[in-house]
Every structure is written in structure tokens, then in C-alpha cells.
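Architecture at a glance
Given next are the chains, with one letter for each unit.
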Amino acid sequence: MARHYHGLVLDVGIGAGQFVSERPETVGYDVNPAGIAWLKDNGCFADLYTEGAPALTFWDSLEHIDDPVSAIRPARQYVFLSIPIFKDAEDILASHHYKKDEHIWYFTDAGLRRWFAEQGFTCVEHNEIECELGRKGVGTYAFRRV
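Rules and cut-offs
- Residues numbered from 1 in each chain as written.
- Predicted model: local features only at pLDDT ≥ 70, side-chain atom pairs only at ≥ 80, totals over all residues.
- Heavy atoms only, no water.
- Helix = DSSP H or I, 4+ residues; strand = E, 2+ residues; numbered from the N terminus.
- Rg over C-alpha atoms; globule rule 2.2 N^0.38 Å.
- Buried < 20%, exposed > 50% of the residue type's maximum accessible area, 1.4 Å probe, protein only.
- Contact = heavy atoms within 4.5 Å.
- Lys, Arg positive; Asp, Glu negative; His and termini not counted.
- Charge placed at Lys NZ, Arg CZ, Asp CG, Glu CD.
- Arc of directions from axis to C-beta.
- Phe/Tyr/Trp six-rings, centres within 6.5 Å; stacked < 30°, edge-to-face > 60°.
- Lys NZ or Arg CZ within 6 Å of the ring centre and 35° of its normal.
- Pairing = 2+ DSSP bridges.
- Axes fitted to C-alpha atoms, helices over the stretch in contact; angles between N-to-C directions.
- 1 Å grid on protein atoms, 1.4 Å probe; cavity = no way out; pocket = protein on both sides within 12 Å on 5 of 7 lines; lining within 4 Å.
- Points joined across faces, edges and corners; volume = space filled by probe spheres on them.
- Nonpolar A, V, L, I, M, F, W, Y, C, P; charged D, E, K, R; others polar.
- Polar contact = N/O pair within 3.5 Å; in protein donor to acceptor, adjacent residues only side chain to side chain.

The secondary structure content of the protein amounts to six helices and six strands. The order of α-helices and β-strands along the protein, N terminus first, is β-α-β-α-β-α-β-α-α-β-α-β. For 146 residues, the compact-globule estimate of 2.2 N^0.38 gives 15 Å, and the protein sits close to it at 15 Å. Taking all 146 residues of the protein together, 45% fall into the buried category. Residue pairs at least 24 apart in sequence account for 47% of intrachain contacts in the protein once pairs closer than 6 positions are excluded. Charged side chains of the protein number 14 positive and 22 negative; the gap between the two group centres comes to 4 Å.

See below:
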């Protein structure tokens, strides 16, 4: 992310809050009541849908959001994400990332790039660092608004 952008970031789906805690100029948004409370207690809650930010991060969270178009719309410059990537429909069903009660969206690399292009973004970086660190089938992307 730092290769492309410096400044305020809104982390969507904060998990344990480590990214928000460790990176200066980072606020967060979550739907989990415990996550919302933690963000508010630490003075770093931001409402994704009313405040937005120049850059949004979705570390393993975009696939859980029922309306991803509305979720990325508030990104004024960049969207950074890590997300499971599949070869095809068969690959989805065979994958440990197939979670029918958790994941709403499943993407191929080409499908994710096409979807972001339809939303007005271009891919400026894709890497497989998550795979190199042992997370099978996860891609990391940087998309810039055009």
C-alpha cells in the first residue's frame, strides 16, 4: 500500500484492529458491535458510507459485504484489498475459502479486475505475498480510481 499512497486510510472490517492500531492516519469501520465499540473507544471510528476516505482497505473483508459497489464508492483515490481468488467455479467449491454462510462474493483474477474497472478503478498492483506467507489462494491488489 505504501508504494502507492500516503495519507488517511479507512480500514473496512477491522478484524482484531491491528492495522488501525499500527498504521498512523488510519481509522476504521466495522459492523461487529465489539469492533465498533473498540474503534469508538480508541477515537478512530469512521462511517464508511457517510465519511469515506481517500483510500479504503479491505483486508479479507470485501467478500463478506452484501453491497460491495456501495462499499467502494466512498474511495476517492484507492482501494487496497486482500481476497481469495479462484480459477473457476469448480475451484470455488473445492477450496477451503468456500464459506457459503460467510462469503457472498467469489472472484477470479480477471473477474475482480473487470468488476473494479466497471466501478471506475484500474489495477496498479497485484501480488501474491499472502500466498508466499502461507495463505493459499489469496491475492493482494491495489486499485486506483481513474
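On we go.
Further remarks concern helix H5 (residues 109-118). An α-helical turn contains 3.6 residues, so a residue and the one three or four places further along point in the same direction. Of the residues making up H5, those classed as buried are Gly111, Leu112, Trp115 and Phe116. When H5 is viewed along its axis, its buried side chains cluster within an angular range of 130 degrees and face the same direction. Within H5, the exposed residues directed more than 90 degrees away from the buried face are Arg114 and Glu118. Packed against the buried residues of H5 are helix H3 (68-72), strand S4 (75-84), strand S5 (121-127) and strand S6 (138-145). Looking at the residues trailing H5, positive phi occurs at Gly120, about 95 degrees.

This next bit is on the packing of aromatic side chains. Geometry of an aromatic ring pair is reported as the spacing of the ring centres plus the angle between the planes. Considering all chains together, one arrives at eleven aromatic pairs under this definition. Between Tyr78 and Phe80, the ring centres sit 5.3 Å apart and the planes meet at 15 degrees, which makes this aromatic pair stacked. When sorted by exposure, Tyr78 lands in the same class as Phe80, which is buried. Taken together through their ring pairs, the aromatic side chains of Phe107, Trp115, Phe116, Phe121, Tyr141 and Phe143 make up a single cluster. For the cation-ring pair, Lys40 lies above Phe45, with the distance from its terminal atom to the ring centre recorded as 5.1 Å.

Attention now moves to the sheet that holds S4. The strand order across the open sheet formed by six strands is S2-S1-S3-S4-S6-S5, and the pairing between neighbours is mixed. Every interior strand has two partners, whereas the edge strands, strand S2 (26-29) and S5, have only one. For this sheet, the mean inter-axis angle between neighbouring strands, taken without regard to orientation, is 20 degrees. Here six bridges tie strand S3 (residues 53-59) to S4, and the two strands are oriented parallel to one another. Looking at S4, one finds that Ala55 is bridged to Tyr78. In this fold H5 packs onto S4, S5 and S6, with an angle of close to 20 degrees to the strand it touches most, S6.

Moving on, we get to the layout of surface pockets. With a probe scaled to a water molecule rolled over the atoms, the places where space remains empty come into view. Taken as a whole, the largest pocket spans an internal volume of roughly 320 Å³. Residue lining of the largest pocket: 17 residues in total, with Gly13, Asp30, Val31, Asn32 and Ser61 positioned closest to the centre. Its residues assigned to classes, the lining of the largest pocket shows eight nonpolar, six polar and three charged. Taken as a whole, the second largest pocket holds about 210 Å³ of empty space. In terms of lining residues, the second largest pocket is bounded by 15 residues, among which Met1, Trp59, Asn127, Ile129 and Thr140 are the most central. For the lining of the second largest pocket, a count of residues per class yields eight nonpolar, four polar and three charged.

Looking now at the side chain of His103. With respect to the element layout, His103 can be found in the loop between helix H4 (89-94) and H5. Only 3.5 Å separates the side chain of His103 from the side chain of His64, close enough to count as a polar contact.

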